[in-house]
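Spelled out, the chains give:
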Amino acid sequence: MSSSFRFDEPEAFTAGTVGEPGARTFFLQVVEAGQVVSLKCEKQQVAALAEYLAELLADLPPVSHEVAGIPPALVEPVLAEWVAGSMGVAWDEDDERFVIVVDELVPDDRDEPPGVARFRLTAAQVAAFVPHATELVGQGRPLCPLCGHPVDPDGHACPRSNGHHRPST
């Protein structure tokens, strides 16, 4: 059975990667009272989470950069508790905290209940996370100007080039 986690007052919340562009593994990581939890996730999940949190932040009073700070780097060694599946986000108006709930991605044939991680984050933690996560997602491989797919260091078979290569400049 997978572990579940609840962090009501985390000291740190961040996203990070392990590996080189094109072969990176993305993680969300939370630290509270010395406990570190890392959840493996997809690049698109980090991007979508950052985008949605930015939309929610826009409806709140602004958080200064000095208050928000910079999210920390991943605490090493990064050991995934499990793989993130669906994510939900809410704003708890009474406590003035963002609530992020991440469900474990499990195969359909597994009988055990999935793990669940619940994080209650301050607006400052979220304000620091959003630009950091957005920059992290953007640090990947460059995109092909023709098709928009990532270009590997050793080249790219672009479906829009119809078998032709652009001349070198």
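So, a few notes on the structure that sits alongside this text. Note that the structure is a prediction, hence the values are computed from the model and not measured.

## Description of unusual backbone geometry
Piece 1. Across the junction of E76 and P77, the peptide omega takes the value -10°, indicating a cis bond.
Piece 2. Along the chain, the position of P77 falls in the loop between helix 2 (65–68) and strand 5 (80–92).
Piece 3. Within the chain, A33 stands out as a residue other than glycine whose phi angle is a positive 50°.
Piece 4. Within the element layout of this structure, A33 appears in the loop between strand 3 (25–32) and strand 4 (35–41).
Piece 5. A positive phi is found at E96, a non-glycine position, where the angle reads about 50°.
Piece 6. With respect to the helices and strands, E96 occurs in the loop between strand 5 and strand 6 (97–104).

## Notes on the nonpolar core
Piece 1. Counting residues in hydrophobic clusters, the biggest one holds 32 residues, and the most contacted among them are F13, F119 and F129.
Piece 2. Counting residues per element, this core draws most heavily on helix 3 (residues 123–138), at eight residues.
Piece 3. Residue contacts for F119: discarding those within four places in its chain leaves F7, F13, V30, L39, F98, V99, I100 and V102.

## So, helix 1 (residues 43–57)
Piece 1. Spanning 15 residues, helix 1 covers 21 Å between terminal C-alpha atoms, matching the ideal 21 Å at 1.5 Å per step.
Piece 2. When we look at burial in helix 1, the residues that qualify are Q45, V46, L49, A50, L53 and L57. Viewed along the axis of helix 1, the buried residues span an arc of 130°, placing them on a single side of the element. In helix 1, those exposed residues whose orientation departs by more than 90 degrees from the buried face are Q44 and E51.
Piece 3. Buried positions along helix 1 lie against strand 2 (12–18), strand 3, strand 4, strand 5, strand 6 and helix 3.

## A few points about the sheet that holds strand 5
By definition, the strands of a sheet pair up through backbone hydrogen bonds, in either a parallel or an antiparallel sense.
Piece 1. Read across the open sheet, the seven strands follow the order 1-7-6-5-4-3-2; overall the sheet is mixed. One side of each edge strand has no neighbouring strand; the edge strands of this open sheet are strand 1 (5–7) and strand 2. Sheet twist, expressed as the average angle between the axes of neighbouring strands with direction ignored, equals 30°.
Piece 2. Inspection of the sheet shows strand 1 paired to strand 7 (residues 116–121) by three bridges, in the parallel sense. For F5, the partnering residue across the bridge sits in strand 7 and is A117.
Piece 3. The strands that helix 3 touches are strand 2, strand 3, strand 6 and strand 7; relative to strand 2, the one it contacts most, it runs at about 10°.

Reading the values: rules and limits
- Throughout, a residue's number is its position along its own chain's written sequence, starting from 1.
- Per-residue local features of the predicted model are confined to residues with pLDDT of at least 70, and side-chain atom pairs are confined, for both listing and counting, to 80 or more; whole-chain, interface and lining totals are unaffected and use all residues.
- The side-chain values count all of the structure's non-hydrogen atoms but skip hydrogen atoms and water molecules.
- Strands here are runs of E lasting at least two residues and helices are runs of H or I lasting at least four, both read from the DSSP assignment and numbered beginning at the N terminus.
- As used here, the term nonpolar core means buried Ala, Val, Leu, Ile, Met, Phe, Trp, Tyr and Cys residues forming a set that is joined through side-chain atoms within 4.5 Å.
- Partly exposed describes any residue whose relative accessible area lies between the buried limit of under 20% and the exposed limit of over 50%, with all areas from a 1.4 Å probe on protein chains only and scaled to the type maximum.
- What makes two residues a contact is simply this: any of their non-hydrogen atoms within 4.5 Å.
- A helix is expected to reach a length of 1.5 Å times the quantity of its residues less one.
- Directions drawn from the helix axis to the C-beta atoms are what define this arc.
- Note: two strands are recorded as paired if DSSP finds a minimum of 2 bridges between them.
- Each axis is a line fitted through C-alpha atoms, taken for helices only over the stretch in contact, and angles between the N-to-C directions span 0 to 180 degrees.

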